[in-house]
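Below are the chains, spelled out letter by letter.
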Amino acid sequence: MARLKIQEKKAASPQDFELSLDRITLGRAPDNVLVLDDKAASRHHAEVRRSGGGWMLVDLGSSNGTWVDGKKVGSIELSDGMVFLIGNTRLSFEEEAWNGRTMQVDMKEMVEGEQSPAPPQPAVPPAYAPPQPQAPPPPISPQAAQPSVSPPPPVAAPVPPPIAPAPAPVGPPQLQERPRPVPPAAMAPAAPSYPDDQQSSPNIGGGERAGFGVRLGAYLLDGLILGVIMVVLMLPLGFVIQMAARKAPGAMLPLAIGSYLLVALVSIAYILIPWAKSGATPGKKILHLKIVRDDGVAPLGYGKAALRMLGYIISGMILYIGFLMILFNDEKKGLHDMIAGTHVIRS
């Protein structure tokens with residue numbers, strides 16, 4: 001029997017799950033056979049299916065991918081002791097040494113062991129020899145003749161007993177080939193498709209890598225949304241500063257510095273918090289863009305988001321060359337993506 005050992009991030013000890021079905025789906029959705037309590041896993045993330053005499057691990061187009069030995073895989077044959085990662089959940093495949101796939105049979109030994117001994121041959125009597133004729137007795141004189149006595153009837157030759165035919169030689173039993181059972185997987189209906197099962201392009205992360213144009217559009221949308229927020233924020237703040245400056249002219253400079261810091265803090269929070277929590281600012285969400293990590297772990301977290309913000313600042317300091325790098329590499333990464341180890345996908 002085969003099984004999975006599941007070590008979830010929040011669980012204190014691993015759990016065993018026996019693979020008693022030919023197809024096991026894994027993911028967050030409650031309709032999966034194995035439901036994972038992991039926000040980094042997709043609703044229908046992957047499946048473990050029986051393939052011939054073994055088992056296969058197949059990714060179902062998940063957002064963060066399925067990882068084996070630090071490499072993202074689409075499908076792979078499982079072997080005993082193999083460990084794979086789904087989101088933040090670590091799973092290991094275990095299979096007993098004897099799995100009933102092949103059994104070698106010595107046909108000669110089986111036939112000789114089961115062959116019944118030949119029945120004993122009946123004893124064949126020796127060939128019957130008929131009695132030899134005897135010489136006639138010498139003639140008897142009339143004087144010595146006695147009353148005639150009829151000669152005894154001739155003795156009939158005994159009939160030899162019938163010889164039983166020798167039994168036919170016993171040969172090896174005829175082995176009838178049993179019909180091969182149809183694998184359950186062949187009779188199983190086709191696997192249902194889910195919304196996130198669609199395999200997109202050869203890119204990773206469950207979506208197509210976003211190019212320069214759509215990312216520029218998201219950047220401009222975020223700038224527009226942030227500008228509206230600033231107008232709504234600065235109008236009452238500017239009115240308060242003017243009223244305070246009339247009563248205390250010396251407070252004008254500290255109030256201006258404080259308002260500048262507040263604007264900068266709001267701008268950073270508008271970008272940093274969505275990056276860390278969901279991987280998408282409002283502008284990116286409108287255009288269906290998402291920032292994902294190269295290692296498949298989600299969400300980004302504040303560490304990766306802060307590194308990406310640092311890349312933004314450096315790209316601005318070098319005349320936005322870091323943003324233009326998206327146009328000139330196959331992975332469509334800017335300088336900030338390379339620094340933080342991220343990429344942007346379009347679902």
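For the structure itself, consult the block above.
Please read these numbers as outputs of a predicted model, since none were measured by experiment.

Draft legend 1. Looking closely at the nonpolar core. Membership of the largest hydrophobic core comes to 22 residues, with the highest contact counts inside it found for Leu4, Leu19, Leu34 and Val48. Only β1 (2-7), β3 (23-27), β5 (46-51), β6 (54-59), β10 (83-86) and β11 (89-95) provide two or more residues apiece to this core. The element best represented in this core is β1, accounting for three residues. Discounting residues that sit within four places of it in the chain, valine 48 has contacts with Leu4, Leu19, Asp22, Arg23, Ile24, Leu26, Trp55, Met56, Leu57 and Leu78.

Draft legend 2. Here's a closer look at the pattern of salt bridges. Going through the model one piece at a time under the given rule, you end up with ten salt bridges. For arginine 3, the salt bridge is made with aspartate 16, and the minimal N-O distance between the two is 3.3 Å. Taken together, the residues span a long stretch of sequence, with arginine 3 in strand β1 and aspartate 16 in strand β2 (residues 15-18) at a distance of 13 residues. Note that glutamate 47 is salt-bridged to arginine 49, the shortest N-O span being 1.9 Å. Arginine 49 gets classed as partly exposed once you look at its relative accessible area, which sits at 33%.

Draft legend 3. Inspection of the sheet that holds β3 at higher detail. The strand order across the open sheet built from five strands is β4-β3-β5-β6-β9, with neighbouring strands paired in mixed fashion. Each having just a single partner strand, β4 (34-35) and β9 (75-77) make up the two edges of the open sheet. In this sheet, β4 lies alongside β3 in parallel orientation, the contact comprising two bridges. Looking at the pairing, glycine 27 lines up with valine 35 of β4.

Draft legend 4. Spatial organisation of the packing of aromatic side chains. Within the structure shown, the criterion is met by four aromatic pairs. Measuring from centroid to centroid gives 6.2 Å for tyrosine 219 and phenylalanine 323, while their planes differ by 50°, and the two rings are tilted. One end of the pair, tyrosine 219, is in helix α3 (residues 212-247); the other, phenylalanine 323, is in helix α7 (residues 321-324), with 104 residues separating them in the sequence. Taken together, the ring pairs connect Tyr219, Trp275, Tyr312, Tyr320 and Phe323 into an aromatic cluster. The side chain of arginine 308 reaches across the aromatic face of tryptophan 275, ending 4.8 Å from its centre.

Draft legend 5. Looking closely at the side chain of aspartate 337. Position of aspartate 337 relative to the elements: it lies in helix α8 (residues 335-340). Relative accessible area serves as the criterion here: at 0%, aspartate 337 is assigned to the buried category. Within the local environment of aspartate 337, its side chain forms a polar contact with the side chain of arginine 308, the two groups lying 2.7 Å apart.

Conventions and cut-offs
Residues numbered from 1 in each chain as written. Predicted model: local features only at pLDDT ≥ 70, side-chain atom pairs only at ≥ 80, totals over all residues. Heavy atoms only, no water. Core = buried A, V, L, I, M, F, W, Y, C linked by side-chain atoms within 4.5 Å. Buried < 20%, exposed > 50% of the residue type's maximum accessible area, 1.4 Å probe, protein only. Helix = DSSP H or I, 4+ residues; strand = E, 2+ residues; numbered from the N terminus. Contact = heavy atoms within 4.5 Å. Salt bridge = Lys/Arg side-chain N within 4 Å of Asp/Glu carboxyl O. Pairing = 2+ DSSP bridges. Phe/Tyr/Trp six-rings, centres within 6.5 Å; stacked < 30°, edge-to-face > 60°. Lys NZ or Arg CZ within 6 Å of the ring centre and 35° of its normal. Polar contact = N/O pair within 3.5 Å; in protein donor to acceptor, adjacent residues only side chain to side chain.

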